Amino acid sequence: VYKEQLTPEFVSYIKKAAPMHDIGKITVSDSILRKPGKLTDEEYTTMKLHAPEGARLIRENMGRLAEEEFVKIATNVAHYHHEKWNGKGYPFGKKHDDIPIAARIMAVADVFDALISKRCYKDQFSLDEAFSIIEKEKGSHFDPYIAEVFLEMRDEITIYAQSWALD
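Residues numbered from 1 in each chain as written. Predicted model: local features only at pLDDT ≥ 70, side-chain atom pairs only at ≥ 80, totals over all residues. Heavy atoms only, no water.

### So, the overall build of the protein chain
For step 1, the next point in the chain: From N to C terminus, the protein chain includes nine helices and zero strands.
For step 2, the next point in the chain: Ordered by position in the sequence, the α and β elements of the protein chain form the string α-α-α-α-α-α-α-α-α.
For step 3, the next point in the chain: By the compact-globule yardstick of 15 Å for 167 residues, the protein chain fits well, its C-alpha radius of gyration being 16 Å.
For step 4, the next point in the chain: Projected onto its principal axes, the C-alpha coordinates of the protein chain cover approximately 40 × 40 × 35 Å.
For step 5, the next point in the chain: When the 167 residues of the protein chain are sorted by exposure, 38% land in the buried category.
For step 6, the next point in the chain: For the protein chain, the proportion of contacts with a sequence separation of at least 24, taken over those separated by at least 6, is 57%.
For step 7, the next point in the chain: Between the centroid of the 23 positive side chains of the protein chain and the centroid of its 28 negative side chains there is a distance of 4 Å. (Helix = DSSP H or I, 4+ residues; strand = E, 2+ residues; numbered from the N terminus. Rg over C-alpha atoms; globule rule 2.2 N^0.38 Å. Buried < 20%, exposed > 50% of the residue type's maximum accessible area, 1.4 Å probe, protein only. Contact = heavy atoms within 4.5 Å. Lys, Arg positive; Asp, Glu negative; His and termini not counted. Charge placed at Lys NZ, Arg CZ, Asp CG, Glu CD.)

Here's what the structure looks like:
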């Protein structure tokens, strides 16, 4: 569906931008980031600021150092990776194609990684559970086409995730 947009240059840029998607968390207090329990409404509001702050940090610090298209993709990944296909995400409640494609791709990868990783506030999910959640959220949380391609790559992703977990 998105073949025209997924040029080799775009793919290269999103691979480089993906590790920066949560860079805005450096502006969030460790007491919130490392809290073992559920966040209060106020803490959650503060946590949500990491998306626009990340976009700002990338623009301000990379804008004059990197290629314009890369900066745009990296900014979009940081700013919009918590938007949801159904418009119920943050920071703006964007939906469908109003969410940049780089952020829609990052959303699937970010949630999957969060599901299969142990965090201070939760245990890790099994790979089967994580894939099941991506399937269930296809078309609501996630772009249905991107989620479907992700699910079609289950075998490759499983091999990668299992090798990564052993490191």
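### Examining the nonpolar core
For step 1, the next point in the chain: Ile73, Phe112 and Ile134 are the most contacted members of the largest nonpolar core, which totals 34 residues.
For step 2, the next point in the chain: Sorting the residues of this core by element identifies α1 (8-17), α5 (68-80), α6 (101-116), α7 (127-137), α8 (144-152) and α9 (154-166) as the ones contributing at least two each.
For step 3, the next point in the chain: Here this core takes nine residues from α6, the largest share from any one element.
For step 4, the next point in the chain: Once you skip the residues sitting within four places of it in the chain, Ile134 turns out to touch Val108, Val111, Phe112, Phe142, Ala147, Phe150 and Leu151. (Core = buried A, V, L, I, M, F, W, Y, C linked by side-chain atoms within 4.5 Å.)

### Here we look at the packing of aromatic side chains
For step 1, the next point in the chain: Per the stated rule, a full pass over the model turns up seven aromatic pairs.
For step 2, the next point in the chain: With 6.2 Å between their ring centres and 85° between their planes, Tyr2 and Tyr145 make a pair best called edge-to-face. Note that Tyr2 is positioned in the segment before α1 and Tyr145 in helix α8, a separation of 143 residues in sequence.
For step 3, the next point in the chain: For Tyr2, a relative accessible area of 12% gives the class buried.
For step 4, the next point in the chain: Among the residues examined, Tyr145 registers a relative accessible area of 45% and is labelled partly exposed.
For step 5, the next point in the chain: Ring geometry for Phe131 against Phe150: centres 5.9 Å apart, planes inclined by 40°, an arrangement best described as tilted. Here Phe150 lies in helix α8 and Phe131 lies in helix α7, a separation of 19 residues in the sequence. Accessibility classification places Phe131 together with Phe150 in one group, the buried group.
For step 6, the next point in the chain: By the ring-pair criterion, three or more aromatic residues cluster together here, those being Phe112, Phe131 and Phe150.
For step 7, the next point in the chain: Across the ring face of Tyr2, the terminal group of Arg104 is positioned such that the distance to the ring centre comes to 5.1 Å. (Phe/Tyr/Trp six-rings, centres within 6.5 Å; stacked < 30°, edge-to-face > 60°. Lys NZ or Arg CZ within 6 Å of the ring centre and 35° of its normal.)

### Thoughts on the confidence of the model for the protein chain
For step 1, the next point in the chain: Residues of the protein chain with pLDDT of at least 70 account for 98%, and the chain-wide mean is 95.
For step 2, the next point in the chain: Least confident of the elements in the protein chain is α9, whose mean pLDDT is 87; most confident is α7, at 98. (pLDDT = per-residue confidence, 0-100.)

### Things to note about α1
For step 1, the next point in the chain: Burial in α1 covers these residues: Phe10, Tyr13, Ile14 and Ala17. Projected onto a plane normal to the axis of α1, the buried residues spread over an arc of 95° and lie on a single side. Facing away from the buried surface of α1 by more than 90 degrees, the exposed residues are Pro8, Lys15 and Lys16.
For step 2, the next point in the chain: Taken together, the buried residues of α1 touch α5 and α6. (Arc of directions from axis to C-beta.)

### Digging into the packing of helix α4 (residues 50-62) against α5
The axes of two packed helices give the description: the angle between them and the distance between them.
For step 1, the next point in the chain: α5 packs onto α4 with a crossing angle of 160° between their chain directions and a minimal axis gap of 7 Å. Accordingly, the angle class assigned to the pair α4 and α5 is roughly antiparallel. When the axes of α4 and α5 are compared, the crossing they make is right-handed. Contacts between α4 and α5 pair Ala51, Pro52, Gly54, Ala55, Ile58, Arg59 and Met62 from the former with Phe70, Val71, Ala74, Thr75, Ala78 and His79 from the latter. (Axes fitted to C-alpha atoms, helices over the stretch in contact; angles between N-to-C directions. Parallel < 35°, antiparallel > 145°, perpendicular 65-115°, else oblique. Left-handed = near helix turned anticlockwise from the far one by under 90°.)

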